[in-house]
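Breakdown of the fold
For reference, the chains in residue letters:
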Amino acid sequence: MKKSNKQRRAEIKARRLERAAASAARLRLPNVRPRPAFAFAIGCEPADRLVLRKYNNTYGLLPDFYVARPFTCRDCGAEELWTAKQQKWWYEVVHGHIDSRAVRCLACRRARRERLFNAAPGANLLREQTHRLRALGAVKPNARAVAEVDAALESKWWSLRVVAIQAMGRWGGAENLERLNAFMAARPEGGRRYFSWARVAADAAKSALMRRE
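Residues numbered from 1 in each chain as written. Predicted model: local features only at pLDDT ≥ 70, side-chain atom pairs only at ≥ 80, totals over all residues. Heavy atoms only, no water.

As for the packing of helix α8 (residues 158-171) against helix α9 (residues 174-185)
Two numbers describe how α8 lies on α9: the axes approach to 8 Å, and their chain directions differ by 135°. Classed by the angle they form, the pair α8 and α9 counts as oblique. For α8 against α9, the interelement crossing comes out left-handed. The segment α8 lies against α9, with Ile-165, Met-168, Gly-169 and Trp-171 engaging Asn-176, Arg-179, Leu-180 and Phe-183. Residues that form the contact of α8 with α9 fall into these classes: five nonpolar, two polar and one charged. (Axes fitted to C-alpha atoms, helices over the stretch in contact; angles between N-to-C directions. Helix = DSSP H or I, 4+ residues; strand = E, 2+ residues; numbered from the N terminus. Parallel < 35°, antiparallel > 145°, perpendicular 65-115°, else oblique. Left-handed = near helix turned anticlockwise from the far one by under 90°. Contact = heavy atoms within 4.5 Å. Nonpolar A, V, L, I, M, F, W, Y, C, P; charged D, E, K, R; others polar.)

Below is the structure:
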């Protein structure tokens, strides 16, 4: 009996998920690290550790290879596969943090973007303010722009403060560079203070300075 395109796609997807699960299980065995030949055989992608080290502040080990990861979509519950190539793009091109993971399928990501894009003004204040700060960071600053960035640094949203620090890095100038270096100098090490705004600000300042190099 001839199978439809939908049935064939479902079978291909199921086989990919099985292979990914088997590869992940093999990599979880004690003392098993993907050597080049082995990594190629299970469909891994080599990681550029220099790029990862530049855009990640982590005490954990950086990967040598990316291997496909099966996951369940947070919104619709579908079983999906985050391929090794998609991970390489996310970590090394977009510079996503090495600890971040895929949580939504493509259809749900597109639906979520559409909802956010079509939201009424004020419905997503954080997104609007983030876009505003990024636009300010792309042009020469004036007194009003500086005041907005200073106000954002006092926001309850840490993510908005990080965007403000990024804007300061794009502007440059002796005063902004001095403030970024001050954030870095105040970085706490270890203990309860590790998960604090001071640490996040220091890491954001370091990334902003590195992007200027």
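Overview of the pairing of strand β3 (residues 69-72)
Where β3 meets strand β4 (residues 79-82), four bridges bridge the pair, whose relative direction is antiparallel. Bridge pairing in β4 links Pro-70 to Leu-81. Counted between consecutive antiparallel strands, the loop separating β3 from β4 contains six residues, among which Gly-77 sits at a positive phi close to 80°. (Pairing = 2+ DSSP bridges.)

With respect to the packing of aromatic side chains
Following the criterion strictly, the structure yields three aromatic pairs and no others. Measuring from ring centre to ring centre gives 5.6 Å for Tyr-66 and Tyr-91, while their planes differ by 25°; the resulting arrangement is stacked. Residue Tyr-66 is found in strand β2 (residues 65-66), and its partner Tyr-91 is found in helix α4 (residues 84-92); the two are separated by 25 residues along the sequence. A residue is classified by how much of its surface remains accessible, and Tyr-91, at 2% relative accessible area, is buried. Judged by centre distance (5.9 Å) and plane angle (50°), the ring pair of Trp-158 and Trp-197 falls under tilted. (Phe/Tyr/Trp six-rings, centres within 6.5 Å; stacked < 30°, edge-to-face > 60°. Buried < 20%, exposed > 50% of the residue type's maximum accessible area, 1.4 Å probe, protein only.)

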